[in-house]
Amino acid sequence: MLINNPEGHYHFLKGIGPYSCGVIADPKYEIVRVTLRHSVPWRQGFDFIEAYLKQQGLPRAAFCAAELRSPSPVSFEGFAAFNDAYCSVLREWGLFVGELNPIARTNVALTNETRSQVELFAFSYTVSTGDAVQPTFIIAGAGELRDGILEPQSIVCQGQTDALAMKEKAGYVMQVMEQRLDGLGARWDVVSATDVYTAQPLEGLVEETILNRLGPARRHGLHYHKAYPPILEIEFEMDMRGVRCQIFA
Amino acid sequence: MSIAHPTGHYHFLKGGAPFSSGVIADPGYEIVRVTLGSATEWCHGFDHIRSHLTGLGLEVTSLCAIELRAPAPMTLEEFRTFNVTYREKLSHWDLLVDGVNPVARTNVAPMYSPPVKTELYAFSYTVPTDDPVSTFVISGAADSQKGKTPEERVVCFGQTDVDSMRKKAAFVVNLVEQRMLDLGGSWDSVSSTNFFSVHGMDGVIDGILGALGPAAFRGTVWHHAWPPLVDLKLEMDARAIRQEIFAC
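Residues numbered from 1 in each chain as written. Chains lettered and ligands numbered in written order. Predicted model: local features only at pLDDT ≥ 70, side-chain atom pairs only at ≥ 80, totals over all residues.

K.L.:
Give a description of the overall build of chain A that names residues and reports values.
P.N.:
For chain A, the helix and strand inventory stands at four helices and 12 strands. By the compact-globule yardstick of 18 Å for 249 residues, chain A fits well, its C-alpha radius of gyration being 17 Å. Principal axes of the C-alpha set define a box for chain A whose edges measure 50 × 40 × 35 Å. Looking at chain A residue by residue over its 249 residues, the buried ones come to 50%. Put simply, of all contacts in chain A between residues at least 6 apart along the chain, 84% involve residues at least 24 apart. (Helix = DSSP H or I, 4+ residues; strand = E, 2+ residues; numbered from the N terminus. Rg over C-alpha atoms; globule rule 2.2 N^0.38 Å. Buried ≥ 20, exposed ≤ 12 C-beta atoms within 10 Å, placed from the backbone. Contact = placed C-beta atoms within 7 Å.)

Below you can see the structure in the form of structure tokens.
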């Protein structure tokens, strides 16, 4: 169910503690995505976001999605520890809606990573357009974690990385993407980018499991990142977005 | 080595008759890229470009790069025929510089939902900016080199096994890199790299990322598409853009 965030001028799909499942801009607003030319440590990233928004005359509440890069995948416990610190900043910024975190997030670790701490790679925010525009939205990163429950037994085909298991994992993640797209009330023809994050071979996954289900979104290709999802033993993650304006800052 | 466009506020690398090898914005200007939200036949696409640019108070000479989607890979003869019509359009818009085509281009044939006629997928143009950002667009470069016969021209002609695809990939990355360096660009500035092939995404893409320097940090986009000419199996382009618009 979509939940209103009136201060942020967007609706969000309820997720779990660290992130929502996705955000969609309200009518007459749009989501703009900013990729940092040089990523910065995540806490410093919040300062960057605040300064950027301030320059645009926007409040903190306009911030609606974060994309992070971790040094390496971590245990469920390590993930929870990072999320506590991350969510405390969101709370400090007054971004929670009641007890719910409205901010979408993708967090992955590149396989050739050299950084020593989690960094901010990109972020998104809402801005008034004045006129009605096509819906713009961000679907948060999802790995093969059944119902998003943060425990090892929720991992689809846990401990397996053979071709069949990877197909199961990718199939599950695609299903989550479809559900979130539907939940946001968005459509495939307004998806502007589809990201895949995995360190495992893609053989047998791309055409049948992903492209055949992307519909018109596949005209923009598949954005591949050789990366691990943020938690050990999760092998396949995707996110998607439909944005009109992207800035490389 | 790059040539100044007298009114477009960019420099370009001389390519062939149908397209330049790449463009880079002049200081005080940046290249903005627009992706069309829905398919438009390329001729009508140019009308869209004109109204977009006019709406922004820009001259048509600010147009500096075109991205097309073709129904299928073409024979050399078909490709030449298309390019004559395409170049006439550029000439009609007075875009040529002393008879040289300055406009960069990528033209590929999608494997999924191919268009009935060649369509405009995206375009780029220069606008004034206060940002000192370096923005450029490198034209699509395929696994093709100089040679008299197809066997001489095409890298690993007729082969699509993983090793051959890797050789093709190394060739196109090198070509794009050379164009980028010739324009004065660097991998650090690159915001997007794109590969176009219906062969060997798996097994090839790893090596590709390793060759992209800092740009690999941003991943790469793989399009299941053919280069515009039959016999060619892999194409690549790259760009460094600050502002990308996805238009209705």
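Past the structure itself, the notes keep going.
K.L.:
Break down the overall build of chain B for me, citing the residues and quoting the values.
P.N.:
A count of helices and strands for chain B gives five helices and 13 strands. Its C-alpha atoms give chain B a radius of gyration of 17 Å, near enough to 18 Å, the size a compact globule of 248 residues would have. Seen along its three principal axes, the alpha-carbon backbone of chain B occupies a region of about 50 × 40 × 35 Å. Taking all 248 residues of chain B together, 51% fall into the buried category.

K.L.:
Before we move on, could you go through the interface of chain B and chain A and cite the residues and values that matter?
P.N.:
Many descriptions give the size of an interface as the accessible area lost when the pieces come together. Opposite the 25 residues of chain B that make contact, chain A presents 22 residues. Counting residues per element, the ones that place at least two in the side of chain B that touches chain A are helix 5 (201–210), strand 10 (220–223) and strand 13 (243–247) of chain B. In terms of residue count, the dominant contributor to the side of chain B that touches chain A is helix 5 of chain B (five residues). Tallied by class, residues from the side of chain B that touches chain A come to 12 nonpolar, nine polar and four charged. The pairing of strand 12 (residues 245–248) of chain A with strand 13 of chain B spans three bridges and is classified as antiparallel. Pairing of A:I247 across the sheet is with B:Q243, part of strand 13 of chain B. (Nonpolar A, V, L, I, M, F, W, Y, C, P; charged D, E, K, R; others polar. Pairing = 2+ DSSP bridges.)

K.L.:
Explain helix 2 (residues 76–92) of chain B residue by residue, including any values.
P.N.:
Three- or four-residue spacings in an α-helix give side chains the same orientation, since the helix completes a turn every 3.6 residues. Compared with an ideal rise of 1.5 Å per residue, which puts 17 residues at 24 Å, helix 2 of chain B spans 24 Å between its outermost C-alpha atoms and is within 8% of the ideal. One or two positions beyond helix 2 of chain B, positive phi appears at B:D94, with a value near 65 degrees. (Expected span 1.5 Å × (residues − 1).)

K.L.:
I'd like to hear about the packing of helix 4 (residues 162–183) of chain B against helix 5 of chain B, residue by residue, with values.
P.N.:
The description of two packed helices rests on the angle between their axes and on the distance between the axes. Residues and elements named next belong to chain B. The interhelical angle for the contact between helix 4 and helix 5, taken along N-to-C directions, is 30 degrees, at an axis separation of 9 Å. By the angle between their axes, helix 4 is roughly parallel relative to helix 5. Note on packing geometry: the crossing formed by helix 4 with helix 5 is right-handed. Facing helix 4, whose interface residues are V162, M165, R166, A169 and V173, helix 5 presents G203, V204, G207 and I208. Counted by class, the contact of helix 4 with helix 5 contains six nonpolar, two polar and one charged residues. (Axes fitted to C-alpha atoms, helices over the stretch in contact; angles between N-to-C directions. Parallel < 35°, antiparallel > 145°, perpendicular 65-115°, else oblique. Left-handed = near helix turned anticlockwise from the far one by under 90°.)

K.L.:
Describe the packing of helix 3 (residues 163–184) of chain A against helix 4 (residues 206–214) of chain A, listing the residues and the values that go with them.
P.N.:
All names here are of chain A. Between helix 3 and helix 4, whose axes approach to 9 Å, the crossing angle comes to 20 degrees. Considering their axes alone, helix 3 and helix 4 lie roughly parallel with respect to each other. Helix-helix and strand crossings are classified by hand; for helix 3 and helix 4 the assignment is right-handed. Side by side, helix 3 and helix 4 meet where K167, A170, G171 and M174 of the first sit next to T209, I210 and R213 of the second. Broken down by class, the residue content of the contact of helix 3 with helix 4 amounts to three nonpolar, two polar and two charged.

K.L.:
So what about the pairing of strand 10 of chain B? Which residues, and what values?
P.N.:
Summarising the sheet, strand 10 (residues 222–228) of chain A and strand 10 of chain B pair through three bridges and their orientation is antiparallel. Pairing of A:L222 across the sheet is with B:W222, part of strand 10 of chain B. As defined by bridge partners, strand 9 (residues 192–196) of chain B adjoins strand 10 of chain B across three bridges and the pair is classed as parallel. By the bridge assignment, B:F195 is partnered in strand 10 of chain B with B:W222. On the question of chirality, the crossover connecting strand 9 of chain B to the parallel strand 10 of chain B by way of helix 5 of chain B is right-handed. (Right-handed = clockwise from strand over helix to strand, strands pointing away.)

K.L.:
Go over the nonpolar core, please, and point to the residues and values.
P.N.:
If you look at the biggest cluster of nonpolar residues, it comprises 144 residues, and the most contacted ones within it are A:V23, A:C64, B:V23 and B:C64. Looking at this core element by element, the count peaks at nine residues for helix 3 of chain A. (Core = buried A, V, L, I, M, F, W, Y, C linked by C-beta atoms within 7 Å.)

K.L.:
Give a description of the environment of A:H11 that names residues and reports values.
P.N.:
Residues and elements named next belong to chain A. Along the chain, H11 turns up in strand 2 (residues 10–13). Look at H11 and you get buried, because 21 C-beta atoms sit within 10 Å. Considered as a pair, H11 and L184 are 173 residues apart in the sequence and their alpha carbons are 8.1 Å apart. Beyond its immediate stretch of four places on either side in the chain, H11 contacts L2, I3, N4, N5, I24 and D26.

K.L.:
Describe helix 3 of chain A, with residues and values.
P.N.:
Residue and element names in this part refer to chain A. The end-to-end C-alpha distance of helix 3, which contains 22 residues, comes to 31 Å, matching closely the 32 Å that a straight helix rising 1.5 Å per residue would cover. If you check which residues of helix 3 are buried, you get M166, K169, A170, Y172, V173, M174, V176, M177, R180, L181 and L184. On its buried face, helix 3 sits against strand 1 (2–5), strand 2, strand 3 (22–25), strand 8 (137–143), helix 4 and strand 11 (236–242). Directly beyond the C-terminal end of helix 3, a positive phi value near 75 degrees is found at G185.

K.L.:
Go over unusual backbone geometry, please, and point to the residues and values.
P.N.:
Positive phi, normally seen in glycine, also occurs at A:D147, with a value near 55 degrees. Within the fold, A:D147 resides in the loop between strand 8 and helix 3. One non-glycine residue with positive phi stands out, namely B:D94, at about 65 degrees. By the element assignment, B:D94 lies in the loop between helix 2 and strand 6 (104–110).

K.L.:
Report on the environment of B:G200, specifying residues and quantitative values.
P.N.:
Residue and element names in this part refer to chain B. Here G200 shows up in the loop between strand 9 and helix 5. G200 gets classed as buried once you count the C-beta atoms within 10 Å, which come to 22. Along the primary structure G200 and R87 are separated by 113 residues, whereas in three dimensions their C-alpha atoms are 33 Å apart. Ignoring any residue separated from it by four or fewer positions in sequence, one finds G200 in contact with T160, V162 and M165.

Take it as geometry only, folks, not as evidence of what the structure does.
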